[in-house]
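# Remarks on the overall topology
One-letter residues, chain by chain:
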Amino acid sequence: MDFKNVIFEKEGKLALITINRPKALNALNSETLCEIDCVIDKVAEDDSILAVIITGAGKAFVAGADISEMRDLNANGGRKFGILGNKVFRKIEKLEKPVIAAVNGFALGGGCEISMACDIRIASSKAKFGQPEAGLGITPGFGGTQRLPRLVGTGMAKELIYTAKIIKAEEAFRIGLVNKVVEPEALMDEAKALANTIAGNAPIAVKLCKEAINRGVQTDIDTGAAYESEVFGECFATEDQKEGMTAFLEKRDKSFKNK
Ligand code: CAA
């Protein structure tokens, strides 16, 4: 299936998703959101894909939700648009495979928000981050009020959101919004190397780690620890656990089967 605003490629064990609306700096209109939703479904169904990279075409990662689509919305339309964006980003967050955002440029509003729905953010030194919504008369609507404080703390998130200021990649790294900053030309290689390292580990274990961390940060430590014990136990029902431990004890390379 071909998409208008999204490029979907497979490279070995990786899926590369490029948001491709460069004339509008990859701004997210409803059509693009629906295409991303569809691509994530394809990725979920494909057992040969073990890690995912999301990036943007041209000079922007994603410059936000589409302002021209939003301008004339009424309250109900705004609510529906917010629900759509949140649904798609939550699908990324809940995808049972690791997702890396390779942030090549502007990650503003919905762009910062989609990067935060990913597991890990690698940024080009040219990238810029921010939640400019308050300056447009709206709140962040695709998860910014929820994920930014979870990532950088409440005080820093409030400062960024209330001021609508745009920060450079280095500052985003300093506050813990991104994992690493690299030279622009090294971005995709770094993201792919990281994705391949992850894809070399036991896929079911990585999936369960994602689930345990995502659940755990939303709950109290007793509930989180109980869930961790559950998934820890589940791992022992997999062939890959036997393979990983046997390979270690036999001092040989492991060969995981995603089983
Ligand atoms: N929506 C729609 N179109 C956008 C857009 C957006 N978010 N961001 C950029 N564009 C369009 C511009 O209108 C322009 O189109 P034309 O060529 O037809 O005029 C084109 O992309 C190129 O943009 P600029 O000429 O502005 O490029 P620049 O390099 O001078 O500036 C920028 C880059 C600083 C990122 C600037 O484009 C900008 O400030 N964009 C808006 C950023 C923003 O406010 N994002 C938040 C949106 S609200 C949101 O995301 C809500 C939510 O949480 C769901």
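The following refers to the structure shown. Treat the numbers as computed from the prediction; the structure is a model and nothing was measured.

This part is about the site of the ligand. In the vicinity of the ligand, 23 residues are found, and the nearest of them are Lys-59, Ala-65, Gly-110, Glu-113 and Glu-133. One nitrogen or oxygen atom from the side chain of Lys-59 is found 2.5 Å from an oxygen atom belonging to the ligand. Glu-133 has a polar side-chain atom sitting 2.6 Å from an oxygen atom of the ligand. Of all elements in the fold, only α2 (67–70), β6 (106–108) and α4 (110–117) reach the threshold of two or more residues within the shell around the ligand.

Here we come to the sheet that holds strand β4 (residues 60–62). Pairing within the open sheet is mixed, and its 4 strands lie in the order β4-β6-β8-β9. A strand with exactly one partner marks an edge of an open sheet, and here the two such strands are β4 and β9 (166–168). Strand-to-strand twist in this sheet, taken as the mean axis angle between neighbours without regard to direction, amounts to 20°. In this structure, strand β8 (residues 128–130) lies alongside β9, joined through 3 bridges in antiparallel fashion. Each residue of the ladder has a partner; that of Gly-130, found in β9, is Ile-166.

Bringing a nonpolar patch on the surface into the picture now. A cluster of nonpolar side chains, Ile-67, Leu-136 and Ile-138, forms an exposed patch at the surface whose accessible area comes to about 270 Å². Relative to the helices and strands, Ile-138 is located in the loop between β8 and α5 (144–152).

A ring pair, where both rings are aromatic, is described by two values, the distance of the centres and the angle of the planes. For the structure on display, the rule yields 3 aromatic pairs. Measuring from centroid to centroid gives 5.5 Å for Phe-89 and Phe-142, while their planes differ by 80°, and the two rings are edge-to-face. A residue pair is termed long-range when its members are at least 10 positions apart, and Phe-89 in helix α3 (residues 75–94) and Phe-142 in the loop between β8 and α5 qualify at 53 residues. Residues Phe-232 and Phe-236 carry aromatic rings whose centres are separated by 5.1 Å and whose planes lie at 75° to one another, so their mutual orientation is edge-to-face. Exposure remark for Phe-232: the relative accessible area of 55% places this residue in the exposed category. Grouping aromatic residues by their ring pairs yields a cluster made of Phe-81, Phe-89 and Phe-142. Note that Arg-215 overlies the ring of Tyr-227, its terminal NZ or CZ placed 4.1 Å from the centroid.

As a further point, take the pattern of salt bridges. In the structure shown here, the tally under the stated rule is 16 salt bridges. Here Arg-147 and Glu-93 are joined by a salt bridge, their closest N and O atoms 2.8 Å apart. Here the residue Arg-147 occupies a position in helix α5, and Glu-93 occupies one in helix α3, the gap between them amounting to 54 residues. Judged by its relative accessible area of 10%, Arg-147 falls in the buried class. Salt bridges sharing common partners tie together Asp-37, Asp-41, Lys-87 and Lys-91.

Parameters and conventions
Residues numbered from 1 in each chain as written. Predicted model: local features only at pLDDT ≥ 70, side-chain atom pairs only at ≥ 80, totals over all residues. Heavy atoms only, no water. Near = heavy atom within 4 Å. Polar contact = N/O pair within 3.5 Å; in protein donor to acceptor, adjacent residues only side chain to side chain. Helix = DSSP H or I, 4+ residues; strand = E, 2+ residues; numbered from the N terminus. Pairing = 2+ DSSP bridges. Axes fitted to C-alpha atoms, helices over the stretch in contact; angles between N-to-C directions. Patch = residues over 30% accessible without salt bridge, like charges linked within 9 Å, V, L, I, M, F, W, Y side chains within 5 Å. Areas by Shrake-Rupley, 256 points an atom, 1.4 Å probe, with all protein chains shown as cover. Salt bridge = Lys/Arg side-chain N within 4 Å of Asp/Glu carboxyl O. Phe/Tyr/Trp six-rings, centres within 6.5 Å; stacked < 30°, edge-to-face > 60°. Buried < 20%, exposed > 50% of the residue type's maximum accessible area, 1.4 Å probe, protein only. Lys NZ or Arg CZ within 6 Å of the ring centre and 35° of its normal.

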